[in-house]
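Per-entry structural report
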Amino acid sequence: MDEKQGILDELARRGVPFEYYEHQPLENVLDRVENNLCFDAEICKNLFVTTRKRDRVFLVMLQARKRADLHWLAQAMGTTHLGFAPPELLENLLGQKPGAVGPLGVLHDKKAAVEAVLDQDLRGLPRVAMHPSVNDATVVLAFDDLERIIRQNGNKIYFLPFQGGGQS
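Model, not experiment: these values are computed from the prediction.

**Things to note about the pairing of strand S3 (residues 57-63)**
S3 sits mainly inside the fold: seven of its seven residues count as buried. Across seven bridges, strand S2 (residues 44-50) lies against S3 in antiparallel orientation. Residue Thr50 lies in a different strand from S3, and its bridge partner there is Val57. The loop that links S2 with its antiparallel partner S3 comprises six residues; one of these, Arg54, has a positive phi angle of about 60 degrees.

Dropping the structure here:
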């Protein structure tokens, strides 16, 4: 079974209400907006970053209009440096490839090794859009359900106050 179908099946098994849409592949958040594929949901960007020693890895999810300042994020997470994780680490931990990073990949993270860093302004939103581990489909669900999925998987969660546009 492919990773996308595994995620959809797991959401259904858990009784999580969601909407599913297929569309042309999207390379980035701007593609989603330009092609009117927002589905009346909050659009987010997702980053997969790690420390230099790769002893900690983070899935970062923030509102698309906000900036992810990795220097600020490293300080907030108590480390000196963060950089984008290599594709093989993304594949091994979340079952995803670059361009299709999304928070539902934690369902693949059986050891709960990935720490989730989430924009505090996402809390309580009724509709948040995300890739189900592929960039040619979108799942829309309530943020509270997403948070519950991450917590049930055993991943650590941090909520941070990312700032819009300028510095984070």
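**Some details on the pattern of salt bridges**
When the charged atoms of two side chains with opposite charge come close together, those side chains can pair. For the structure on display, the rule yields 13 salt bridges. Taking the shortest distance from any N to any O, the salt bridge between Glu115 and Arg56 comes out at 2.8 Å. Note that Glu115 is positioned in strand S5 (residues 114-119) and Arg56 in the loop between S2 and S3, a separation of 59 residues in sequence. Overall, the relative accessible area of 22% leaves Arg56 in the partly exposed class. Among the charged side chains, a network of salt bridges with common partners joins Glu10, Arg13 and Arg14.

**Concerning the packing of aromatic side chains**
For the coordinates displayed, the defined rule picks out three aromatic pairs. The interplanar angle of 10 degrees and the centroid separation of 3.9 Å between the aromatic rings of Tyr21 and Phe39 together place this pair among those described as stacked. Here the residue Tyr21 occupies a position in strand S1 (residues 19-22), and Phe39 occupies one in the loop between helix H2 (29-34) and S2, the gap between them amounting to 18 residues. Its relative accessible area of 26% is what places Tyr21 among the partly exposed residues. Directly above the ring of Phe159 sits Arg123, whose terminal nitrogen or CZ lies 3.6 Å from the centroid.

**Concerning the sheet that holds S2**
What links the strands of a sheet is backbone hydrogen bonding, and the strands pair in either a parallel or an antiparallel sense. Spatially, the five strands line up as an open sheet ordered S4-S2-S3-S5-S8, and their pairing is mixed. Because the sheet does not close on itself, it has two edges, and the strands there are strand S4 (83-84) and strand S8 (157-160). Contacts between helix H4 (residues 87-94) and the sheet are confined to S2, S3 and S5, with S2 contributing the most and set at about 105 degrees to the helix. With respect to the sheet, helix H5 (residues 143-153) is in contact with S3, S5 and S8, its orientation differing from that of S8 by roughly 140 degrees.

**Looking at the state of the cysteines**
Scanning the model with the defined rule gives zero disulfides in all. You can see Cys38 has no disulfide; the closest cysteine sulfur is in Cys44, sitting 11 Å from it.

**Describing the sheet that holds S1**
The sheet built from three strands is open, its strands ordered S1-S7-S6 with antiparallel pairing. Because the sheet does not close on itself, it has two edges, and the strands there are S1 and strand S6 (128-130). Within this sheet the neighbouring strands show an average axis-to-axis angle of 25 degrees, counted without direction. Pairing of S6 with strand S7 (residues 137-141) involves three bridges; the strand directions are antiparallel.

**Points about unusual backbone geometry**
Trans is the prevailing form of peptide bonds, just as negative phi is the prevailing case for residues other than glycine. Unusually for a residue other than glycine, Phe39 sits at a positive phi of about 55 degrees. We note that Arg54 has phi near 60 degrees; this positive angle belongs to a residue other than glycine.

Calculation rules
Residues numbered from 1 in each chain as written. Predicted model: local features only at pLDDT ≥ 70, side-chain atom pairs only at ≥ 80, totals over all residues. Heavy atoms only, no water. Buried < 20%, exposed > 50% of the residue type's maximum accessible area, 1.4 Å probe, protein only. Helix = DSSP H or I, 4+ residues; strand = E, 2+ residues; numbered from the N terminus. Pairing = 2+ DSSP bridges. Salt bridge = Lys/Arg side-chain N within 4 Å of Asp/Glu carboxyl O. Phe/Tyr/Trp six-rings, centres within 6.5 Å; stacked < 30°, edge-to-face > 60°. Lys NZ or Arg CZ within 6 Å of the ring centre and 35° of its normal. Contact = heavy atoms within 4.5 Å. Axes fitted to C-alpha atoms, helices over the stretch in contact; angles between N-to-C directions. Disulfide = S-S within 2.5 Å.

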